[in-house]
Amino acid sequence: MKKLEQLYEGKAKKVYKTDDPELLIVDYKDDATAQNGLKKGTIHDKGIINNRVTNHLMKLLAEHGVPTHFVEELSDRETVVKKVTIVPLEVIVRNIAAGSLSKRLGLPEGTKLKSTVLEYCYKDDALGDPMVNDYHIFAMELATREELDLIAKYSLMVNDFLTTYLKDLGIELIDFKLEFGKTSDGTIILADEISPDTCRFWDSATGEKLDKDRFRRDMGGEEDAYKEIMRRLLGE
Ligand code: TMP
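Residues numbered from 1 in each chain as written. Predicted model: local features only at pLDDT ≥ 70, side-chain atom pairs only at ≥ 80, totals over all residues. Heavy atoms only, no water.

In this section: the state of the cysteines. Here, the word disulfide means a covalent bond between the sulfur atoms of two cysteines. Counted according to the given criterion, the structure contains zero disulfides. Take Cys121: it sits in no disulfide, and the sulfur closest to it among the cysteines is that of Cys199, at 15 Å. Accessibility expressed as a relative area gives 9% for Cys121, which makes it buried. Among the residues examined, Cys199 registers a relative accessible area of 2% and is labelled buried. (Disulfide = S-S within 2.5 Å. Buried < 20%, exposed > 50% of the residue type's maximum accessible area, 1.4 Å probe, protein only.)

Here the focus is the packing of helix 1 (residues 46-63) against helix 4 (residues 145-167). At a minimum axis separation of 11 Å, helix 1 and helix 4 run at an interaxial angle of 120 degrees. Where helix 1 crosses over helix 4, the handedness of that crossing is right-handed. Between helix 1, through His56, Leu57, Leu60 and Leu61, and helix 4, the contact on the second element is made entirely by Val158, Phe161, Leu162 and Tyr165. When its residues are assigned to classes, the contact of helix 1 with helix 4 shows seven nonpolar, one polar and no charged. (Axes fitted to C-alpha atoms, helices over the stretch in contact; angles between N-to-C directions. Helix = DSSP H or I, 4+ residues; strand = E, 2+ residues; numbered from the N terminus. Left-handed = near helix turned anticlockwise from the far one by under 90°. Contact = heavy atoms within 4.5 Å. Nonpolar A, V, L, I, M, F, W, Y, C, P; charged D, E, K, R; others polar.)

This part takes up the pattern of salt bridges. Side chains that carry opposite charge are capable of pairing whenever their charged atoms lie near each other. A full pass over the atoms with the stated rule returns 33 salt bridges. Lys13 is paired through a salt bridge with Glu193; the nearest N and O atoms lie 2.6 Å apart. With Lys13 in strand 2 (residues 13-17) and Glu193 in the loop between strand 13 (188-191) and strand 14 (199-203), the pair connects residues that are 180 residues apart, well separated along the chain. You'll find Lys13 and Glu193 in the same group, each marked buried. Across the pair Arg216 and Asp213 runs a salt bridge whose closest N-O atoms are separated by 2.7 Å. In this pair, Arg216 and Asp213 are both assigned in helix 5 (residues 213-216), three residues apart and thus about one turn of the helix distant. Its relative accessible area of 27% is what places Arg216 among the partly exposed residues. (Salt bridge = Lys/Arg side-chain N within 4 Å of Asp/Glu carboxyl O.)

Okay, helix 4 next. Over its 23 residues, helix 4 runs 33 Å from end to end, which matches the ideal 33 Å to within 8%, given 1.5 Å per residue. All of the buried residues along helix 4 are Glu147, Leu148, Ile151, Ala152, Tyr154, Ser155, Val158, Asn159, Phe161, Leu162, Tyr165 and Leu166. (Expected span 1.5 Å × (residues − 1).)

Tyr120, Leu190 and Ile194 are the most contacted members of the largest nonpolar core, which totals 48 residues. Looking at this core element by element, the count peaks at nine residues for helix 4. In contact with Ile194, not counting residues within four places along its chain, are Val53, Thr54, Leu57, Met58, Leu61, Leu162, Leu178 and Cys199. Within the second largest apolar cluster, five residues are counted, among which are Val15, Leu24, Val26 and Tyr28. (Core = buried A, V, L, I, M, F, W, Y, C linked by side-chain atoms within 4.5 Å.)

Counted according to the given criterion, the structure contains two aromatic pairs. With a centroid separation of 6.4 Å and 20 degrees between ring planes, the pair formed by Tyr154 and Phe180 is classed as stacked. Of the two residues, Tyr154 is situated in helix 4 and Phe180 in strand 12 (residues 171-182); the sequence distance between them amounts to 26 residues. Accessibility classification places Tyr154 together with Phe180 in one group, the buried group. Considering the side-chain rings of Phe161 and Tyr165, the 5.5 Å spacing of their centres and the 15 degrees angle between planes classify their relative orientation as stacked. Here Tyr165 and Phe161 lie together in helix 4, a separation of four residues that amounts to about one turn. Accessibility expressed as a relative area gives 14% for Phe161, which makes it buried. Note on Tyr165: relative accessible area 19%, which makes it buried. (Phe/Tyr/Trp six-rings, centres within 6.5 Å; stacked < 30°, edge-to-face > 60°.)

Let us now look at the side chain of Thr18. With respect to the element layout, Thr18 can be found in the loop between strand 2 and strand 3 (23-28). With relative accessibility at 8%, the residue Thr18 sits in the buried group. For Thr18, the side chain forms a polar contact with the main-chain oxygen of Asp20, separated by 3.0 Å. There is a polar contact of 2.9 Å between the side chain of Thr18 and the backbone oxygen of Leu23. Apart from residues lying up to four places away in sequence, Thr18 is in contact with Met1, Lys2, Leu4, Leu23, Leu24 and Ile25. (Polar contact = N/O pair within 3.5 Å; in protein donor to acceptor, adjacent residues only side chain to side chain.)

Dropping the structure here:
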């Protein structure tokens with residue numbers, strides 16, 4: 001499978017056409033952004049780690065009944081994925097209060113939530129990805145009721161699987177963001193990535209942050225944190 005012309009360059013990935021109209025190649029970069037693009041930098045080898053961690057988790061999720069866009073890992077940074085139309089929603093799943101939830105609701109970071117929280121944000125950089133509820137989603141026709149039900153069901157399945165899987169590796173899954181897409185026949189599948197860029201991972205024993213918050217909050221040590229996640233998940 002060969003890369004043809006570049007379709008799109010995002011903050012962390014480039015996407016290329018292939019000779020198969022149903023398949024694309026994603027190429028992960030080391031570029032890191034935060035605060036909706038205001039803060040820019042690079043995290044050495046982040047592209048490799050995010051590509052390999054995402055593929056590893058997507059393969060496991062497919063085995064557990066969550067359909068994904070993953071097709072084949074081509075190289076350290078490149079993966080063949082199914083072409084989808086992205087549903088313009090960021091789905092955030094939270095087990096423990098942190099980040100914007102802590103700020104908005106005044107819950108100290110680390111507060112265990114009595115039940116899992118699902119949030120939706122409308123994917124629009126110019127608007128700063130505002131939070132929306134199901135009424136907004138139907139009124140703006142961002143997804144149908146059936147599609148949103150499936151997206152919620154898959155998101156909770158991802159949470160159940162990942163929480164248990166990561167606990168065994170000494171990682172607490174605080175929260176994460178998912179994106180879904182629609183294939184040409186209208187099937188909803190998990191797309192984008194699942195990585196230290198898009199999840200909060202805390203070391204179960206020490207509470208140490210092993211994710212992009214180290215970069216977002218200028219804590220330092222982000223390269224080692226990403227490497228540690230790759231080591232625990234992939235044994236290298
Ligand atoms: P938040 O607390 O900033 O809303 O983030 C919740 C989770 O979603 C956290 O694991 C980081 C992830 N996330 C993204 O991956 N992309 C985003 O644009 C945002 C806002 C959050």
